[in-house]
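# Architecture and fold: a report
Take a look at the letters that make up each chain.
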Amino acid sequence: MDYKQAEDYILSFTDYEKIPGILYTSANYDLRRMDVLLQPLGDPHLSARTVHIAGTKGKGSTAVMIAEALIASGYVTGLYTSPHLHSLRERIRLNGALISETDFASLVMTLKPIVDEINDKAMYGQLTTFEILTALTFAYFHKKQADFQVLEVGLGGRLDATNVVKPEVCVITSISLDHTEVLGNTVAKIAGEKAGIIKPGCTVVSAPQLQEAARVIEGVCREKGAELIQVGEDITWQKMNSDLHQQSLVVQGKRDSYHLTVPLLGDHQLENAATAVAALEVLTSLGTKISAENIREGLAQVKWAGRLQVMNYHPLLVVDGAHNAYSMKRLVEAIKLNFDYDRCFVVFGTSCDKDVSGMAKELLPLSPDVSVTCSSHPRAAPTSLLESEFSKQGFKVKIAGDVSETLSQVLALSGDKDFVLVTGSLFVVAEAIDYAAEYLRG
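Before going into details, it helps to say that this report is about the structure given with it. Because the structure is predicted, anything quoted here is derived from the model rather than measured.

### A few points about the pairing of strand β6 (residues 169-172)
On β6, burial covers both faces: Val169 and Val171 on one face and Cys170 and Ile172 on the other are all buried. Sheet topology places strand β1 (residues 49-54) next to β6; four bridges connect them, and they run parallel. For Ala54, the partnering residue across the bridge sits in β6 and is Ile172. Where β6 meets strand β7 (residues 203-206), four bridges bridge the pair, whose relative direction is parallel. Its bridge partner lying in β7, Val169 is registered against Thr203.

### Details of the packing of aromatic side chains
Under the counting rule described, the total for this entry stands at 10 aromatic pairs. Taken together, a centroid distance of 5.2 Å and an interplanar angle of 55 degrees make the contact between Phe339 and Phe419 tilted. A residue pair is termed long-range when its members are at least 10 positions apart, and Phe339 in the loop between α11 (325-338) and β14 (344-348) and Phe419 in strand β17 (residues 419-423) qualify at 80 residues. By way of ring pairs, the aromatic residues Phe339, Tyr341 and Phe419 are connected into one cluster.

### Some words on the pattern of salt bridges
Note on pairing: side chains with opposite charge can pair once their charged atoms come close. Going through the model one piece at a time under the given rule, you end up with 19 salt bridges. One salt bridge in this structure joins Asp103 and Lys144, with 3.4 Å as the shortest N-O distance. Here Asp103, found in helix α4 (residues 101-121), pairs with Lys144, found in the loop between α5 (129-143) and β5 (148-152); they are 41 residues apart in sequence, far enough to count as distant. Note on Asp103: relative accessible area 12%, which makes it buried. Judged by relative accessible area, which is 33%, Lys144 ranks as partly exposed. One salt bridge in this structure joins Asp116 and Lys112, with 2.8 Å as the shortest N-O distance. Of this pair, Asp116 and Lys112 both sit in helix α4, separated by four residues, roughly a single helical turn. Since its relative accessible area comes to 26%, Asp116 is described here as partly exposed. Classification of Lys112 as partly exposed rests on a relative accessible area of 30%.

### Details of helix α10 (residues 292-300)
Within α10, the full set of buried residues consists of Asn294, Ile295, Gly298 and Leu299. For α10, the angular spread of the buried residues around the axis is 120 degrees, confining them to a single face. Those residues of α10 that are buried lie in contact with α3 (59-72), β11 (257-262) and α9 (267-285).

### Some points on helix α2 (residues 31-38)
In an α-helix, one full turn covers 3.6 residues, which means residues spaced three or four apart are oriented alike. All buried positions along α2 are accounted for by Leu31, Arg33, Met34, Leu37 and Leu38. The buried side chains of α2 occupy one side of the element, clustering within an arc of 145 degrees when seen end-on. As for α2, its buried residues are in contact with α4 and α5.

### Comments concerning the nonpolar core
Ile66, Leu70, Val150, Val205 and Ile295 are the most contacted members of the largest nonpolar core, which totals 40 residues. Among the secondary structure elements, those contributing two or more residues to this core are β1, α3, β5, β6, β10 (247-252), β11, α9 and α10. Sort the elements by how many residues they give to this core and α9 lands first, with 10 residues. If we skip the residues at most four places from it in the chain, Ile66 touches Val51, Ile53, Val150, Val171, Ala276, Ala279 and Leu280. Counting 38 residues, the second largest nonpolar core, distinct from the first, contains Ile99, Val115, Ile118 and Leu151.

### Quick look at the sheet that holds β11
Ordered in space as β9-β10-β11, the three strands form an open sheet in which the pairing is antiparallel. For this open sheet the edge positions go to β9 (236-242) and β11, each flanked by a neighbour on one side alone. On average, each strand axis in the sheet is inclined to that of its neighbour by 20 degrees, with strand direction left out of account. Lying on the sheet, α9 is in contact with β9, β10 and β11; it crosses β10 at an angle near 40 degrees.

So, how was this worked out
- Residues numbered from 1 in each chain as written.
- Predicted model: local features only at pLDDT ≥ 70, side-chain atom pairs only at ≥ 80, totals over all residues.
- Heavy atoms only, no water.
- Buried < 20%, exposed > 50% of the residue type's maximum accessible area, 1.4 Å probe, protein only.
- Helix = DSSP H or I, 4+ residues; strand = E, 2+ residues; numbered from the N terminus.
- Pairing = 2+ DSSP bridges.
- Phe/Tyr/Trp six-rings, centres within 6.5 Å; stacked < 30°, edge-to-face > 60°.
- Salt bridge = Lys/Arg side-chain N within 4 Å of Asp/Glu carboxyl O.
- Arc of directions from axis to C-beta.
- Contact = heavy atoms within 4.5 Å.
- Core = buried A, V, L, I, M, F, W, Y, C linked by side-chain atoms within 4.5 Å.
- Axes fitted to C-alpha atoms, helices over the stretch in contact; angles between N-to-C directions.

In structure tokens form, the structure reads like this:
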């Protein structure tokens, strides 16, 4: 089996990332399937020390910051994130490097007979793409003798396939309304699902939260006997400087003060950095050797594509995978704070289960004009829906075609001092990155 065959095999199963509105129930997300799948592999999910991260926004950025600091401290570190921009391999990294095609294919061959047997019996239902990929990740980190595994929850937390681990620290990043058809239509309900990763006796790091989310997290911590560290109260930060390439901050932790530089833009990344520091201090308190210099070095090395990423400077071309109203609000704030430009052109595309109206409201202060587009992803919202929702908010809407065609037309209209933003979905951003690479070469 080569890599393409292995990838096709994994993608041949039910993939909830491509199906909107699947009910978040134990029937659809039955963790017993993970137990049955992992047991013949020797329970590899229990072999590395674990940092488990849930939340609505900032999970991936916080995860990569923690992983880079652990790598800088000399630990073999696995990182598991989702979704990917271009390849499944992006989700599984060891010491910053993507899993090789050879290792991926080899592990799929190991998993295949186990998966086929489990699905033949279907004792707890059929295994899904994400469950198989998660098991492959655990097996890979075990094979490579990872000291740590930093795991980003795929969806929710309580029933997520990653929620079979025994973490030393649980991290809950900012919670807001997203996946409401699946996780619930209030922040409190969503927080309850995210807080499902909290295990008895572990330490929990929470990013600053809306009051209703904070109450839920505090309640679960009391119930589970878990220590809670609240970023913004127990751990604080102050922004120092920023430019179009990076920003600096000082984080005042419980153990030390950290002067840091992160090559990511937006004040929300400062919050993520402080949250990462809080988690790393927990690991330090448990005996992990992580110095302030390790943390400084690690965060300075962070790379995280598709998040307020500058692709070109004349005109400014920025891509960001904001995909709910709250993240769009933070994105608009970051753009106004970090960029100077004459005119702003917005290219927008998203998934069919997203709050288009809420995102449109937040985008209106940037520009009254928007070009709507549609990615090739099965869950992509049709441009007719986007046109309708943006028009209701008072936008002048243009429909151009797919992402490449839309971006080509917008760039042709923009001058050297203009600003072009592509946003609404990581799937749209991935296609924009591909086009931008060609555009810059041309």
